[in-house]
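# Summary of the model geometry
Here's the letter readout for the chains.
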Amino acid sequence: MKPVYLDYAATTPVDERVLPAMLPYFMEQFGNPSSVYGQGRAAKRAVAQARAQVAALLQAEPEEIFFTSGGSESDNWALKGMAFALRRAGRGCHIITSSVEHHAVLNACAWLEQQGFAVTYLPVDVAGRVQPQQVKDAVRDDTILVSIMTANNEVGTIEPIAEIGAFLQAKGIFFHTDAVQAAGHIPLSVDELHVDALSLSGHKLYGPKGIGALYLRRGFRPDPLVHGGSQERELRAGTENTAGIVGLGKAAEIAREELTTEWERLSELRDWFMAEIKTIPGSWINGDEEYRLPGNVNFGIEGIAQDTLLIRLDMAGFAVSAGSACSAGSLEPSHVLKAMGQTPEQAASALRVTLGRFTTKDELEGLLTVLQQAVTAIRGQAGS
Ligand SMILES: *Cc1c(COP(=O)(O)O)cnc(C)c1O
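Residues numbered from 1 in each chain as written. Predicted model: local features only at pLDDT ≥ 70, side-chain atom pairs only at ≥ 80, totals over all residues. Heavy atoms only, no water.

As a reminder of what qualifies: UniProt positions are given in the numbering used here, feature names are shortened, and annotations may be inferred rather than shown by experiment.
An unreviewed UniProt entry annotates the protein chain as cysteine desulfurase of Selenomonas caprae. As recorded by UniProt, the Catalytic activity (unreviewed entry) comment attached to the protein chain reads in full: "(sulfur carrier)-H + L-cysteine = (sulfur carrier)-SH + L-alanine". Recorded under Sequence similarities (unreviewed entry), the UniProt text for the protein chain is reproduced unchanged: "Belongs to the class-V pyridoxal-phosphate-dependent aminotransferase family. NifS/IscS subfamily."

So this is what it looks like as structure tokens:
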């Protein structure tokens, strides 16, 4: 049987329309976008087109898009670059984030603490949501920067970004959001969300790995993370990854064109699958059932450890995950589920099934059958 991939939150395959768009930039059009002759100019035009395609996905301006090596770099750059620039300007040294962020944000914040910044990690409710009132209460006179993710990579919870953003914008506090899981999957408008910076990544939206972007509202200039040449308006040095950039642009264009239909299709599949999961005795859904990414189902089953289940599902040809790909292999319970108030036992039973562009109902029906058999078998062993 063909393996069934249900871990689209970890990474997505490159769409078959994306790769052909990229290929010319490896050999025929390999010129350096900074070169003045024909091949250089062709590469430069391709980068400009991709910038416009990414901007369109976010309803931003092309000159507000900066290409990076991925979501992690975008997060690190937004946080470190703005923290240092704002502290130097005498604005203060206090940062606010949430306790359910991706490690690209959490570990960047931990490093900033070592550099003398103060960081407040906001709690979340049982569904993983940050309450806007808690952001308001946490703001101090020396708060320079807030970073709250648009949607969580483990449980799929969508955060109240627009409400938080409106408050921060009125206060003049820089607001970054990690939208790596959201971009290309739910509608995003940087103006409606009132964000000053937004991170996205190619490989989470059917583009290549190793390419991402940071949206930066006009007027903000973080310190560079990579110093060198004058690429990306002197904010991110290094010869452009032309093929990767073209791939991200094409992926963003496809995502934008198909967003509404795909959002509706996946939400329906997700809701059906969640309802089926709930019929398994002792099961529960992790995360918010209303404010939720269209492709995310995260659940636990009483008395069933995720690693036992994962092995059985893998043997049956189903690729699902225990939480986030980044913490796979670590024995630590999920920091997200912990922040949501779960016990280590509950967290140790969480399974994440994430649906995507190529997911069919047949695949999910197959997973349900295997899942039910596995639960019966594990419970049988435990009872004997
Ligand atoms: C995957 C992911 C990242 C990291 O992106 P990379 O391109 O893999 O570096 C950051 N934040 C979230 C929410 C993610 O899901």
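Moving on from the model shown.
## Observations concerning the overall build of the protein chain
Rule in force here: Here a strand is any run of E in DSSP of at least two residues, a helix any run of H or I of at least four, and the numbering for each starts at the N terminus. Restricting the calculation to C-alpha atoms gives the radius of gyration, and the globule rule supplies 2.2 Å times the number of residues raised to the power 0.38. For every residue, the accessible area obtained with a 1.4 Å probe (protein chains only) is divided by the maximum for its type, and the residue is called buried under 20%, exposed over 50%, and partly exposed between those limits. Throughout, a contact is declared for two residues whenever any of their heavy atoms are within 4.5 Å. Positive charges come from Lys and Arg, negative ones from Asp and Glu, while His and the chain ends are left out of the count. In this description, the location of a charge corresponds to atom NZ of lysine, CZ of arginine, CG of aspartate or CD of glutamate.
Broken down by element type, the protein chain carries 13 helices and 12 strands. The C-alpha atoms of the protein chain give a radius of gyration of 21 Å, which matches the 21 Å a tight globule of 384 residues would have. The burial tally for the protein chain puts 56% of its 384 residues in the buried class. Put simply, of all contacts in the protein chain between residues at least 6 apart along the chain, 74% involve residues at least 24 apart. Each charge class in the protein chain was averaged separately, 33 positive and 45 negative side chains, and the resulting centres sit 5 Å apart.

## Comments concerning the pattern of salt bridges
This is how the line gets drawn: Here, a salt bridge means any side-chain nitrogen of Lys or Arg that lies within 4 Å of a carboxyl oxygen of Asp or Glu.
Under the counting rule described, the total for this entry stands at 15 salt bridges. One salt bridge connects Arg 357 with Asp 15, and the closest N-O pair in it is separated by 2.7 Å. Of the two residues, Arg 357 sits in the loop between strand E12 (351–354) and helix H13 (361–383) while Asp 15 sits in the loop between strand E1 (4–5) and helix H1 (18–22), which places them 342 residues apart along the sequence. Among the salt bridges present, the one from Arg 51 reaches Glu 232, with a minimum N-O distance of 2.8 Å. Here Arg 51, found in helix H2 (residues 38–58), pairs with Glu 232, found in helix H8 (residues 231–234); they are 181 residues apart in sequence, far enough to count as distant. In this structure Arg 51 comes out as buried when scored by relative accessible area, which is 13%. Taken together, the shared-partner salt bridges connect Asp 15, Arg 17, Glu 258 and Arg 357 into one network.

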